[in-house]
Amino acid sequence: MDPAHALIRTALNGTAALAPGPAGRAAFELFRRPLRRSRVRGTELEIHRSAAVEALRVNGTSVVGYRWGDGERPVLMLHGWRSRASRFAPYVPRLRELGLSVLAFDAPGHGDSGGRATSVLEYRHLALQLQDRYGPFEAVLAHSLGVCAAFGALADGLRAGRLAAVSGVSSVGFFPAAFCAGLELNAAVERQLRLRIEESLFAGDAGAWERYDAALQAEAVGLPVLVVHDEDDRVVPLGQAHRLHRAYGDRLDLIVTQGLGHRRIVTEPTIVDQVIGFISADTPADTPADTAPAEPPADQEVTTA
């Protein structure tokens, strides 16, 4: 653990014993801020610049939205924590060749958007704003935090034909647990952090943990799902993917990779091919996105050295 993390651990663990409320508030402020922004990579620049830029807002924060195409037959892309929409650049020309439009945004505190913090609820609000303009969606493609947000939104009004989930988190409850484990914060801090999340993000509704648990929402999310996850993912363990597979059964196609980790997997050409094939399957041009027929393929494994 680096010195900064050690200092945070000592301060918060010590404070929680005497003043749990302030410790929880401090942990919450650290938890919800990405602290650094990802830049557009050189390999993404051409695609990034070719997008039509759209203005969105959530909770008073200005958000930059992106559109490739005229908005017909839209596919929604949701990036992960400390990431940005341009990370999906390899998918854009492939989807456009299929006659699909591509919609995305930089979440608050990410990319070119305003603000310093975000949450799965803000992802949901932004996704529904884009649905009001262009939806329903032919498909949703999401990574990491975006996967948790996608499942929550699909269970709560977002309409799509398919979901491709890469390196995804299955439950919003994973985040405070992982945050505290990463900083070696004790159980008292984690309890206070969860309480602060309930109060500040979920308006005191303890039931929101279940509503944003994709494994408990399988009946509400009645569409075919592709899950892609690396067995060596050190950010989101492979167990999150297996948890989804158990919940969704035959509707979920699981691809397990080797050697791609949590982030490289998004742009790996083999995975791009798999995701594009999944999105384009059984979605003829005259079929509405929310009623597209689905016959999920069998499980398969992709190994990349």
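Just so it is clear, the structure is predicted and the values come from calculations on it, not from any experiment.

Across a regular strand the side chains alternate sides, sitting on one face of the sheet and then on the other. The element strand 4 (residues 101–105) is largely enclosed, with a buried count of five among its five residues. For strand 2 (residues 61–68) and strand 4, the ladder comprises four bridges, and the chain directions are antiparallel. Bridging across to strand 4, Trp 68 finds its partner in Val 102. Bridge analysis of strand 3 (residues 74–78) against strand 4 gives four bridges, and the strand direction is parallel.

This paragraph deals with the packing of helix 5 (residues 120–134) against helix 6 (residues 145–154). It is the contact of helix 5 with helix 6, at a shortest axis distance of 9 Å, that shows an interaxial angle of 60°. Of the possible angle classes, the one that applies to helix 5 and helix 6 is oblique. At the point where helix 5 passes helix 6, the crossing takes the right-handed sense. Contact with helix 5, carried on its side by Val 120, Tyr 123 and Arg 124, involves Leu 145, Gly 146, Cys 148, Ala 149 and Ala 153 of helix 6 and no other residues of that element. Tallied by class, the residues present in the contact of helix 5 with helix 6 amount to six nonpolar, one polar and one charged.

It is worth spelling out the confidence of the model for the chain at this point. Chain-level statistics for the chain give a pLDDT mean of 90 and a share of 91% at 70 or above. Under a pLDDT of 50 for its full length, residues 285–305 has, in the predicted model, 47 contacts with residues more than four places off or in other chains.

Topologically, Gly 109 is positioned in the loop between strand 4 and helix 5. Along the backbone, Gly 109 and Arg 94 are 15 residues apart, and their C-alpha atoms lie at a distance of 28 Å. With sequence-adjacent residues up to four places away left out, Gly 109 is seen in contact with Pro 34, Arg 37, Gly 114, Gly 115, Arg 116 and Ala 117.

Before going further, it helps to spend a moment on helix 5. The periodicity of an α-helix, 3.6 residues per turn, causes residues three or four positions apart to be oriented the same way. Taking 1.5 Å per residue as the helical rise, helix 5 with its 15 residues ought to reach 21 Å, and the 21 Å between its terminal C-alpha atoms agrees with that figure. Counting buried positions over the 15 residues of helix 5 gives 11, a clear majority of the element. Where helix 5 is buried, its residues meet strand 1 (52–58), strand 2, strand 3, strand 4 and helix 6.

Of all five residues in strand 5 (residues 139–143), five are buried, a share of seventy percent or more. Residues Ala 139, Leu 141 and His 143 of strand 5 are buried on one face, and the alternating residues Val 140 and Ala 142, pointing to the opposite face, are buried as well. Looking at chain direction, strand 3 and strand 5 are connected through four bridges and run parallel. Each residue of the ladder has a partner; that of Val 75, found in strand 5, is Ala 139. Note that strand 5 and strand 6 (residues 163–166) share four bridges and pair parallel. Pairing of Leu 141 across the sheet is with Ala 164, part of strand 6. With helix 6 bridging strand 5 and its parallel neighbour strand 6, the resulting β-α-β unit is right-handed.

The next point concerns the nonpolar core. In this structure, Phe 105, Phe 151, Leu 158 and Tyr 248 are the most contacted members of the largest nonpolar core, which totals 66 residues. Discounting chain neighbours no more than four positions away, the residues touching Tyr 248 are Phe 151, Ala 214, Gln 217, Ala 218, Val 221 and Val 225. Grouped together as the second largest cluster of nonpolar side chains are 32 residues, Tyr 66, Ala 104, Val 266 and Ile 279 included.

Now for the environment of Phe 174. Along the chain, the position of Phe 174 falls in helix 7 (residues 174–183). Take Phe 174: its relative accessible area is 17%, and that puts it in the buried class. C-alpha separation for the pair Phe 174 and Val 236, spaced 62 residues apart in sequence, amounts to 8.9 Å. In contact with Phe 174, not counting residues within four places along its chain, are Val 169, Val 235, Val 236, Pro 237 and Gln 240.

On to the state of the cysteines. If you walk through the whole model with that rule in mind, you get zero disulfides. With no disulfide of its own, Cys 148 lies closest to Cys 180 among cysteine sulfurs, the gap being 16 Å. The class for Cys 180 is buried, based on a relative accessible area of 1%.

Thresholds applied
Residues numbered from 1 in each chain as written. Predicted model: local features only at pLDDT ≥ 70, side-chain atom pairs only at ≥ 80, totals over all residues. Heavy atoms only, no water. Buried < 20%, exposed > 50% of the residue type's maximum accessible area, 1.4 Å probe, protein only. Helix = DSSP H or I, 4+ residues; strand = E, 2+ residues; numbered from the N terminus. Pairing = 2+ DSSP bridges. Axes fitted to C-alpha atoms, helices over the stretch in contact; angles between N-to-C directions. Parallel < 35°, antiparallel > 145°, perpendicular 65-115°, else oblique. Left-handed = near helix turned anticlockwise from the far one by under 90°. Contact = heavy atoms within 4.5 Å. Nonpolar A, V, L, I, M, F, W, Y, C, P; charged D, E, K, R; others polar. pLDDT = per-residue confidence, 0-100. Expected span 1.5 Å × (residues − 1). Right-handed = clockwise from strand over helix to strand, strands pointing away. Core = buried A, V, L, I, M, F, W, Y, C linked by side-chain atoms within 4.5 Å. Disulfide = S-S within 2.5 Å.

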